[in-house]
Amino acid sequence: MDTDFYKEKVLEQLNDEEYYKQITNNPDKATKKRLKKLIKDYDQCLTEKEIAYLCDFDPKESNFYGLPKVHKSAQIQNTVRDQNNIYVETFRPADLKLRPIIAGPESLTQRLSHFIDLVIKHLCPSIPSYIKDDMEFLNHIPAIVPEETLLTSFDVTSLYTHIPHDLGLTAVKYWIEEKRDAIDRFETNFILEATKIVLEENTFYFDGNKYKQIKGTAMGTKVAPTYAN
């Protein structure tokens, strides 16, 4: 994939104002203030080591990149079929989409995201639709089904970016209250406020410009898989 085409496909996503917004200011100062307020308001349910982990580090900027969804491009699939070779070539497939990744292993919110993930991931096995891995999926399939059974599968398009914040937070609150014992000493409002900060203070750079994700959660932040579940 050449550089110009790659940038074109990335901007195709980032220019979608339903999900992303280009910003000119640097919100880091406001984000730090929000983090400090969160820790101060709920320090009674945090240990000194936990507070140090969440606060004492030097943050770095997040960057955006996209992974080509080769398997979902009909043009690429047709090329593979038609050329029938170990190496196939196609020029700028128009239907190629990218999986958006926001890489910020040392971003302002990554430690908070990691911490919340550790707190709430124990809730996932309680969710009826939760499947841990391939083997668990196979164990759910009955050994025998009627001959007329229709086997189907579904794929949610851009799942992470399509989750509205209010719906996601409502789901998190519901499962916390359903399985309160699994959360230990952490207050419900602390978890919700922390998750909200991770969702709303999601900024990153691409090609020298700064953006903010305004809908959904980012693939790349630690809590994203648990949150999506």
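Note that the structure is predicted; figures quoted are calculated from it, not measured. (Residues numbered from 1 in each chain as written. Predicted model: local features only at pLDDT ≥ 70, side-chain atom pairs only at ≥ 80, totals over all residues. Heavy atoms only, no water.)

## A closer look at a nonpolar patch on the surface
Then, number 1: Taken together, the side chains of Ile-131, Met-135, Phe-137, Leu-138 and Ile-141 present a nonpolar region at the surface, about 480 Å² in accessible area.
Then, number 2: Mapped onto the elements, Ile-131 comes out in the loop between helix 5 (110-120) and helix 6 (134-140). (Patch = residues over 30% accessible without salt bridge, like charges linked within 9 Å, V, L, I, M, F, W, Y side chains within 5 Å. Areas by Shrake-Rupley, 256 points an atom, 1.4 Å probe, with all protein chains shown as cover. Salt bridge = Lys/Arg side-chain N within 4 Å of Asp/Glu carboxyl O. Helix = DSSP H or I, 4+ residues; strand = E, 2+ residues; numbered from the N terminus.)

## Notes on the environment of Lys-196
Then, number 1: Along the chain, Lys-196 falls in helix 8 (residues 188-200).
Then, number 2: Since its relative accessible area comes to 30%, Lys-196 is described here as partly exposed.
Then, number 3: For the pair Lys-196 and His-114, spaced 82 residues apart in sequence, the C-alpha to C-alpha distance is 14 Å.
Then, number 4: Not counting chain neighbours up to four residues away, the residues in contact with Lys-196 comprise Arg-34 and Leu-169. (Buried < 20%, exposed > 50% of the residue type's maximum accessible area, 1.4 Å probe, protein only. Contact = heavy atoms within 4.5 Å.)

## A closer look at the packing of helix 7 (residues 165-178) against helix 8
Then, number 1: The geometry of helix 7 relative to helix 8 is characterised by a closest axis approach of 10 Å and an angle of 155° between their N-to-C directions. Looking at the two axes, helix 7 sits roughly antiparallel to helix 8. Of the two possible hands of crossing, helix 7 and helix 8 adopt the one that is right-handed. Along the contact surface, helix 7 presents His-165, Leu-169, Val-172, Lys-173 and Ile-176, while helix 8 presents Thr-188, Ile-191, Leu-192, Thr-195, Lys-196, Leu-199 and Glu-200.
Then, number 2: Grouping the constituent residues of the contact of helix 7 with helix 8 by class yields six nonpolar, three polar and three charged. (Axes fitted to C-alpha atoms, helices over the stretch in contact; angles between N-to-C directions. Parallel < 35°, antiparallel > 145°, perpendicular 65-115°, else oblique. Left-handed = near helix turned anticlockwise from the far one by under 90°. Nonpolar A, V, L, I, M, F, W, Y, C, P; charged D, E, K, R; others polar.)

## Observations concerning the side chain of Ser-107
Then, number 1: With respect to the element layout, Ser-107 can be found in the loop between strand 3 (98-103) and helix 5.
Then, number 2: Filtering out sequence-adjacent residues up to four positions away, Ser-107 remains in contact with Phe-57, Pro-59, Lys-60 and Ser-62.

## Regarding the packing of aromatic side chains
Then, number 1: If you walk through the whole model with that rule in mind, you get 11 aromatic pairs.
Then, number 2: Where Phe-64 meets Phe-206, the ring centres are 6.3 Å apart and the plane angle is 80°; that geometry is what we call edge-to-face. In this pair, Phe-64 sits in strand 2 (residues 63-68) while Phe-206 sits in strand 4 (residues 203-206), placing the two residues 142 residues apart along the sequence. Across the pair, Phe-206 and Phe-64 agree in class, each one buried.
Then, number 3: Measuring from ring centre to ring centre gives 5.5 Å for Phe-115 and Phe-186, while their planes differ by 90°; the resulting arrangement is edge-to-face. Taken together, the residues span a long stretch of sequence, with Phe-115 in helix 5 and Phe-186 in the loop between helix 7 and helix 8 at a distance of 71 residues. (Phe/Tyr/Trp six-rings, centres within 6.5 Å; stacked < 30°, edge-to-face > 60°.)

## Side note on the pattern of salt bridges
Then, number 1: Summed over the entire model, instances satisfying the criterion amount to 16 salt bridges.
Then, number 2: Close ionic contact of Lys-7 with Asp-207 constitutes a salt bridge, the shortest N to O distance being 3.5 Å. Of this pair, Lys-7 sits in helix 1 (residues 3-14) while Asp-207 is found in the loop between strand 4 and strand 5 (209-213), placing the two residues 200 residues apart along the sequence.
Then, number 3: Of the charged contacts in the structure, one is a salt bridge between Glu-61 and Lys-210, with a shortest N-O distance of 3.2 Å. Of this pair, Glu-61 sits in the loop between helix 3 (48-55) and strand 2 while Lys-210 sits in strand 5, and the two are 149 residues apart along the sequence.
Then, number 4: Among the ionic contacts, a cluster of salt bridges with common partners joins Asp-2, Glu-8 and Arg-92.

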